[in-house]
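Geometric and topological summary
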Amino acid sequence: MNQTQLVVIGGGPGGYAAAFLAADLGMQTTLVDMNPNPGGVCLYRGCIPSKALLHVAKLLDEAHEAANIGIKFAEPEIDFDRVREWKESVVNKMTGGLGQLVKARKINYIRGRARFTSATEVEIESESGPQKLTFEHAILATGSRPVKIPTFDIGSERIMDSTTALELKDIPENLLVVGGGYIGLELSSVYAAMGSKVTVVEMLPGLLMQTDRDLVKILEGNLLPKLHKVLLETKVVSVEEVENGIKVRFEGANVAEPEQVFDKVLVSVGRTPNSQDIGLENTKIQPDKRGFVAVDAQRRTVEPTIYAIGDIAGDPMLAHKASHEGRIAVEAIAGHKVAYEPAAIPAVVFTDPEIAWTGLTEMQAEKEGRKVTVARFPWAASGRATTLDRSDGLTKILVDPETERVLGVAIVGPGAGELISEGTLAIEMAALASDIKMTIHPHPTLSETVMESAEVIFGQATHIYRPKK
Ligand code: FAD
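In this report, the structure presented in the accompanying data block is examined. Nothing here was measured: the structure is a model prediction, and the numbers come from that model.

Attention now goes to the overall build of the chain. Check the secondary structure of the chain and you find 14 helices and 21 strands. In terms of overall dimensions, the chain is globule-like: its C-alpha atoms have a radius of gyration of 24 Å, near the 23 Å expected for 469 residues. When its C-alpha atoms are laid out on the principal axes, the chain stretches across 65 × 65 × 40 Å. Evaluated residue by residue, the chain yields a buried proportion of 50% over its 469 residues. Long-range pairs, those at least 24 residues apart, make up 62% of the contacts in the chain with a sequence separation of at least 6. Carbon and sulfur atoms provide 52% of the accessible area of the chain, an area that totals close to 22400 Å². The average position of the 49 basic charges and that of the 62 acidic charges among the side chains of the chain differ by 2 Å.

As C-alpha cells, this is what we get:
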C-alpha cells in the first residue's frame with residue numbers, strides 16, 4: 001500500500017489515541033513509529049516505567065513508616081533483577097495491548113522512521129528498506145527527548161538521562177540528580193527509596209519552581225529527610241570522569257564543598273521537541289526557536305494537510321494533553337466542529353506526597369494580577385487522612401470572588417493525582433463553589449477534602465473553624 005487517507009507519525013499517547021479514533025471513525029489509517037508497538041516515550045521510557053518504580057518506592061517507604069503505628073518489618077531485601085523484570089513486564093503488557101488494539105482496528109502499523117518529502121508524502125525508513133507513502137492528512141506526533149547539556153557530554157556511562165535512569169542498571173551509592181523539576185524529583189524518590197544517597201542540584205532558588213509554594217513546602221516536609229542534600233541556586237560547571245566516579249564542580253551561593261565525587265549523575269533538565277530530521281524543510285512548517293510546531297485550535301499547522309499534537313505542539317508536555325489534542329485533530333479531519341480549548345489541564349507530580357493541580361494556580365493568578373478567593377482545607381482535619389497516618393496534605397480551591405465560579409483546584413497528599421479530576425470536571429462544567437459544597441461526597445474519603453475546601457469559601461467547613469471574613 002503506498003497511499004493512505006491518514007498517516008500518524010509517532011505512536012506515543014498523542015499518536016496512538018489519534019490513530020485509534022481515526023480508525024473508529026472509519027478512516028483508512030497508517031501509524032508509523034520506530035518501536036515494535038505503540039506507546040511512545042510515555043509507555044516505554046516515561047510515565048509508565050517511572051510510575052511502576054515509584055510504586056516500588058512507595059512499598060519500601062510504607063514498610064518503614066509502618067513503625068509509626070506499631071508494625072516493624074525487617075530491612076527489605078531488594079531483588080533488583082526481579083524489580084527490573086517486573087517493570088519491563090508492566091511496559092510490555094501495556095505496549096503489547098496497544099499492539100493488539102492496532103490489529104483489532106485494522107490500522108496499518110509501520111515500524112520505521114518517517115520523513116516528509118512534501119506536504120502530501122512521507123518516506124519511511126524501515127527494516128525492509130525505504131518506502132514512500134502519499135497521504136490526504138498527516139498528524140505529526142513525534143514527541144520530545146531529554147535536553148542535552150554540553151557540560152555533561154563526556155561520553156561516560158555514569159551520566160544518565162531519564163531514559164537510562166529508568167533502566168535501573170544498578171543502584172549507585174551516591175547519586176547526583178541535576179534538576180529539581182518533576183522528573184528529577186520522581187526519579188530521586190525512586191533511587192532514594194532503593195538505597196542511594198541522593199543529592200539534588202537546582203539552579204533556581206527552589207524545587208518545582210512552577211508550582212505553588214505552599215504545596216511544594218508540604219512535599220519538602222516528607223521528601224527532604226529522604227534525600228542527602230538539596231543544593232539550590234547552584235550550578236554544575238564541570239564534570240570529569242575519575243577512577244571511581246564523576247567529579248562534579250559546583251558554583252553557587254551556598255556551596256560548602258565545590259568539588260564532589262558521585263557514583264552516577266542523572267541529568268534531568270527538561271525536554272525538547274523532536275522537530276529535526278523529519279523533513280519539515282520540505283513543507284511550509286517552520287518550528288519556533290524552542291523547536292515547537294505552531295498549530296491552530298484544530299491543531300492544524302500552516303500546511304492544511306498536516307496537523308501536530310503532543311509534545312511537539314507545545315506546553316504542557318503531558319501525555320493526557322497529547323491524547324486530547326490527538327482526538328481533536330482527528331475530529332477536525334473528520335469534519336466535526338471541534339476546537340482545542342481546555343478550561344483546565346491537570347498536572348500531577350508523582351512524588352510522596354503527590355502534588356496535583358488543575359486550572360488557575362495561585363502563582364498564575366498573582367502574576368496576572370487576577371483577584372481570586374483562595375480556601376484551604378488542611379488534611380489534619382480529614383478523618384480519612386488521619387486513618388492513613390498521612391495528615392500532611394492540603395486541598396485548596398480558587399474561586400472567582402464575584403461569581404464564586406471554581407477557577408482552580410490544587411491538592412498535595414497521597415493520591416492527589418487520583419483526586420484532581422473532580423476539580424477539572426468542576427472547571428470544565430463551570431461549577432460554582434456551592435455546587436461542590438452541595439455535592440455529597442462519600443465518608444471517610446480524601447475526596448471530602450475537596451468538598452470541605454469549597455465549604456471553607458462560605459465559612460462553613462464542618463471539620464475546621466474558619467469563619468467567613
Ligand atoms: P511521545 O510519547 O514522545 O512519542 C513520540 C513517538 O514518536 C516515539 O515513540 C518516537 O519513537 C516516535 N517518533 C519520533 N520521530 C519519529 C519519526 N520520524 N518517525 C516515526 N516515529 C517517530 N506525562 C504525563 O502526563 N504524566 C506522567 O506521569 C509523565 N511522566 C513522565 C516521566 C518521564 C521520565 C518522562 C521522560 C516523561 C513523562 N511524561 C509524563 C511526559 C510524557 O511522556 C509526554 O508528554 C508524552 O509521552 C508525549 O506524548 P507524544 O504523543 O507527544 O509523544
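Turning to the pattern of salt bridges, a few remarks are in order. What the rule picks out here adds up to 29 salt bridges. Where Glu 241 meets Arg 158, a salt bridge forms, and the shortest distance between an N and an O atom there is 3.5 Å. In this pair, Glu 241 is assigned in strand β11 (residues 234–242) and Arg 158 in the loop between β6 (144–146) and β7 (159–160), connecting sequence segments 83 residues apart. Judged by its relative accessible area of 41%, Glu 241 is partly exposed. Owing to a relative accessible area of 24%, Arg 158 belongs among the partly exposed residues under this scheme. One connected set of salt bridges, linked through shared partners, spans Asp 61, Glu 65, Lys 226, Asp 352, Arg 390 and Asp 392.

Next up on the list: the pairing of strand β5 (residues 129–140). Summarising the sheet, strand β1 (residues 3–9) and β5 pair through six bridges and their orientation is parallel. Bridge pairing links Ile 9 to Leu 140 in β5. By the bridge criterion, six bridges tie strand β4 (residues 121–126) to β5 in an arrangement that is antiparallel. The residue bridging Glu 123 from the neighbouring strand is Lys 132, located in β5. Two successive antiparallel strands, β4 and β5, enclose a turn made up of two residues.

What follows concerns the sheet that holds strand β17 (residues 347–349). Spatial ordering of the open sheet is given by β17-β18-β21-β20-β19, a layout of five strands whose pairing is antiparallel. Of all the strands in the sheet, the pair left with one neighbour each is β17 and β19 (373–378). Within the sheet, the average angular offset between the axes of one strand and its neighbour, ignoring direction, is 10 degrees. Where β17 and strand β18 (residues 354–359) come together, three bridges link them in antiparallel fashion. Each residue of the ladder has a partner; that of Ala 347, found in β18, is Trp 357. Strands β18, β19, β20 (394–399) and β21 (406–413) of the sheet are contacted by helix α7 (residues 213–223), whose axis makes an angle of about 175 degrees with β20. Here helix α12 (residues 421–428) sits on the sheet and contacts β18 and β21; the angle it forms with β21, its principal contact strand, is near 175 degrees.

Rules and cut-offs
- Residues numbered from 1 in each chain as written.
- Predicted model: local features only at pLDDT ≥ 70, side-chain atom pairs only at ≥ 80, totals over all residues.
- Heavy atoms only, no water.
- Helix = DSSP H or I, 4+ residues; strand = E, 2+ residues; numbered from the N terminus.
- Rg over C-alpha atoms; globule rule 2.2 N^0.38 Å.
- Buried < 20%, exposed > 50% of the residue type's maximum accessible area, 1.4 Å probe, protein only.
- Contact = heavy atoms within 4.5 Å.
- Areas by Shrake-Rupley, 256 points an atom, 1.4 Å probe, with all protein chains shown as cover.
- Lys, Arg positive; Asp, Glu negative; His and termini not counted.
- Charge placed at Lys NZ, Arg CZ, Asp CG, Glu CD.
- Salt bridge = Lys/Arg side-chain N within 4 Å of Asp/Glu carboxyl O.
- Pairing = 2+ DSSP bridges.
- Axes fitted to C-alpha atoms, helices over the stretch in contact; angles between N-to-C directions.

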